[in-house]
Amino acid sequence: RLLVTDYAMPGLNGIELTVQAQAKIPDLKTVIITGFPDAEDFEKLPPDTTLLVKPFRRKALIDALRPWFEFTVTP
């Protein structure tokens, strides 16, 4: 399970959303996208959370998402 969200949103931020979502889905992985890389909140990201700073290239997004889409087939 994967959540991709922005950091700056009305009402709550991406970290608050992640904490609430992980309380309901403990194995949830999250990518938080932000244009505010110096926010103090980022010092303590929730577990299984990746921070992606804008602007970013498509490759950076793919690299951030890749671990959740890779799998190994065993015979």
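Heads up: the structure comes first, above all this text.
Given the structure is predicted, the values throughout are model-derived calculations rather than measurements.

Q: For helix α1 (residues 14-24), give the residues involved together with the corresponding values.
A: Of all the positions in α1, only G14, I15, T18, A21 and Q22 are classed as buried. Taken end-on, α1 shows its buried residues confined to a sector of 130 degrees, consistent with a single buried face. The exposed residues of α1 that point more than 90 degrees off its buried face are A23 and K24. Capping the start of α1, N13 holds a side-chain oxygen 2.8 Å from the backbone nitrogen of I15, two or three residues further along.

Q: Outline the pairing of strand β1 (residues 2-6), supporting the account with residue identities and numerical values.
A: Of the two faces of β1, the one holding L3 and T5 is buried and the one holding L2, V4 and D6 is not buried anywhere. Direction of pairing for β1 relative to strand β2 (residues 29-34): parallel, over a ladder of five bridges. Within the sheet, the bridge partner assigned to L3 lies in β2 and is T30. Crossover handedness for the path β1 to α1 to β2: right-handed.

Q: Please set out the sheet that holds β2 residue by residue, giving values where relevant.
A: The sheet built from three strands is open, its strands ordered β1-β2-β3 with parallel pairing. Unpaired on one side and paired on the other, β1 and β3 (49-53) mark the two borders of the sheet. Between one strand axis and the next, the sheet turns by 20 degrees as a mean value, whatever way the strands run. Examined bridge by bridge, β2 and β3 share five bridges and lie parallel to one another. Across the sheet, V31 pairs through a bridge with T50, a residue of β3. Its contacts with the sheet put α1 on β1, β2 and β3, and the angle it makes with β1 is roughly 155 degrees. Docked against the sheet, helix α2 (residues 58-69) engages β1, β2 and β3, running at close to 170 degrees with respect to β2.

Q: Which residues make up a negative patch on the surface, and what values go with them?
A: Together, E16, E40, D41 and E43 make up a region of like negative charge exposed at the surface. On the secondary structure map, E43 appears in the loop between β2 and β3.

Reading the values: rules and limits
- Residues numbered from 1 in each chain as written.
- Predicted model: local features only at pLDDT ≥ 70, side-chain atom pairs only at ≥ 80, totals over all residues.
- Heavy atoms only, no water.
- Buried < 20%, exposed > 50% of the residue type's maximum accessible area, 1.4 Å probe, protein only.
- Helix = DSSP H or I, 4+ residues; strand = E, 2+ residues; numbered from the N terminus.
- Arc of directions from axis to C-beta.
- Polar contact = N/O pair within 3.5 Å; in protein donor to acceptor, adjacent residues only side chain to side chain.
- Pairing = 2+ DSSP bridges.
- Right-handed = clockwise from strand over helix to strand, strands pointing away.
- Axes fitted to C-alpha atoms, helices over the stretch in contact; angles between N-to-C directions.
- Contact = heavy atoms within 4.5 Å.
- Patch = residues over 30% accessible without salt bridge, like charges linked within 9 Å, V, L, I, M, F, W, Y side chains within 5 Å.
- Areas by Shrake-Rupley, 256 points an atom, 1.4 Å probe, with all protein chains shown as cover.
- Salt bridge = Lys/Arg side-chain N within 4 Å of Asp/Glu carboxyl O.
- Lys, Arg positive; Asp, Glu negative; His and termini not counted.
- Charge placed at Lys NZ, Arg CZ, Asp CG, Glu CD.

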